[in-house]
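# Residue-level structure breakdown
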Amino acid sequence: MKLNFMTSGTRLKTHVTARYFALFCLLFGTQAIAGNTSGVHGPNVDPDDRSMQIRAALAPADNASQQDQWAYRYHYQHSFNDRFRARIVAQYRDRGDFEYDFLRAEFLYNFKKAIDSNWSSGIRFDVRTRRGSRAEEIALHWTNQWNLNNGYRLRAIVLGNLQVGGSRSSNDLGVATRAGLSKRLDNGIRVGAELYNSYGRLGDFGSFNEQSHQFGPTVGGSIGGFKYQLRWLKGLSNGSRDDNFEIRFDKAF
């Protein structure tokens, strides 16, 4: 896949932006979890990556019968070379009480580099253990990135997960997609939009409003030796909270 556009004015630049955004929406339609701390991660691996990240997300109550839901994530990731990266993730949540939520190990393999094209791709394998009697989980992410013209970047993920052990609610495969379109501005700030879709379990997807769908803008950059990203997601279905806010900070060593 190779896209070439020649821009000579504001009108053409706007047209290119609209085409990319239309492609984004067409391919991935419209996910959401209360206190969503997920991201649209890319497939590429920096061989020198030794970094930590902190994320905090808030899903405000939609009505008086609900309560605000907070989630907090802590990452450490370590690359072994330009193909393999491991990450440990710990998450805590606050739904009236602050408590441990889960611990997850992630292993990313970047099998396709953007050498002779603008497309790179990778596979990420996750193993998650949860608090209490809740089922553990294994997941597989197929993640893709297209480096487009004029600083645009398109990412897309298809993922499946299975519950194992514990009090499983289903033996079927859970299916979800994520996507993100962004542009790096001349001042180094990256702006864009992200889309999360959680369809449910195979054979029992239900209606759109029974699923979880979120969409919203992002902005990120660097300040004081840290990378940051701010995000707001709007719930598009009844299976999603109306609003979800997230902030994250990265520090490389």
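Keep in mind the model is a prediction, meaning the values are calculated, not measured. (Residues numbered from 1 in each chain as written. Predicted model: local features only at pLDDT ≥ 70, side-chain atom pairs only at ≥ 80, totals over all residues. Heavy atoms only, no water.)

So, about the pairing of strand β9 (residues 190-201). One ladder, built from 11 bridges, connects strand β8 (residues 174-184) with β9; its direction is antiparallel. Each bridged residue has a counterpart across the sheet, and for R184 the counterpart in β9 is R190. With antiparallel pairing between neighbouring strands as the criterion, β8 and β9 make up a hairpin whose turn holds 5 residues, including G188 at a positive phi of roughly 90°. With 9 bridges connecting them, β9 and strand β10 (residues 212-223) associate as antiparallel partners. The residue bridging G192 from the neighbouring strand is T218, located in β10. (Pairing = 2+ DSSP bridges. Helix = DSSP H or I, 4+ residues; strand = E, 2+ residues; numbered from the N terminus.)

It is worth spelling out the pattern of salt bridges at this point. What the rule picks out here adds up to 15 salt bridges. With a closest N to O distance of 2.6 Å, E106 and R104 form a salt bridge. Of the charged contacts in the structure, one is a salt bridge between D126 and R124, with a shortest N-O distance of 2.7 Å. Judged by its relative accessible area of 4%, R124 falls in the buried class. (Salt bridge = Lys/Arg side-chain N within 4 Å of Asp/Glu carboxyl O. Buried < 20%, exposed > 50% of the residue type's maximum accessible area, 1.4 Å probe, protein only.)

Burial of strand β1 (residues 50-59) is extensive: 7 of the 10 residues sit out of reach of the surface. Pairing analysis gives 10 bridges linking β1 to strand β2 (residues 69-79), with the strands arranged antiparallel. Directly across from S51, in β2, lies its bridge partner Q77. As paired elements, β1 and strand β12 (residues 243-252) share 8 bridges and run antiparallel to each other. By the bridge assignment, M52 is partnered in β12 with K251.

One closed barrel holds the 12 strands; their spatial order is β1-β2-β3-β4-β5-β6-β7-β8-β9-β10-β11-β12, and the pairing between them is antiparallel. Each adjacent strand pair in this sheet contributes to an overall mean axis angle of 20°, direction not counted. Judged from the 12 bridges that link them, strand β6 (residues 136-147) and strand β7 (residues 152-164) form a sheet pairing that is antiparallel. Across the sheet, E137 pairs through a bridge with Q163, a residue of β7. (Axes fitted to C-alpha atoms, helices over the stretch in contact; angles between N-to-C directions.)

It is worth spelling out the packing of aromatic side chains at this point. Here a ring pair, both rings aromatic, is described through the centre-centre distance and the interplanar angle of the planes. In the structure shown here, the tally under the stated rule is 8 aromatic pairs. A ring pair is formed by Y72 and F98, whose centres lie 5.8 Å apart and whose planes are at 55°; its orientation type is tilted. Pair noted here: Y72 is in strand β2 and F98 is in strand β4 (residues 98-112), with a separation of 26 residues, a long-range link. Here F84 and Y109 contribute two aromatic rings whose centre-to-centre distance is 4.8 Å and whose plane-to-plane angle is 15°, an arrangement assigned as stacked. Of the two residues, F84 is situated in strand β3 (residues 84-94) and Y109 in strand β4; the sequence distance between them amounts to 25 residues. What makes F84 partly exposed here is its relative accessible area of 41%. Classification of Y109 as partly exposed rests on a relative accessible area of 35%. Through successive ring pairs, a cluster of aromatic residues spans W70, Y72, Y74, Y92, F98 and Y100. (Phe/Tyr/Trp six-rings, centres within 6.5 Å; stacked < 30°, edge-to-face > 60°.)

This paragraph deals with the side chain of D101. With respect to the helices and strands, D101 occurs in strand β4. When near neighbours in sequence (up to four residues on either side) are disregarded, D101 contacts Q91, Y92, R93, R130, R131 and R134. (Contact = heavy atoms within 4.5 Å.)

By themselves these figures say nothing about function.
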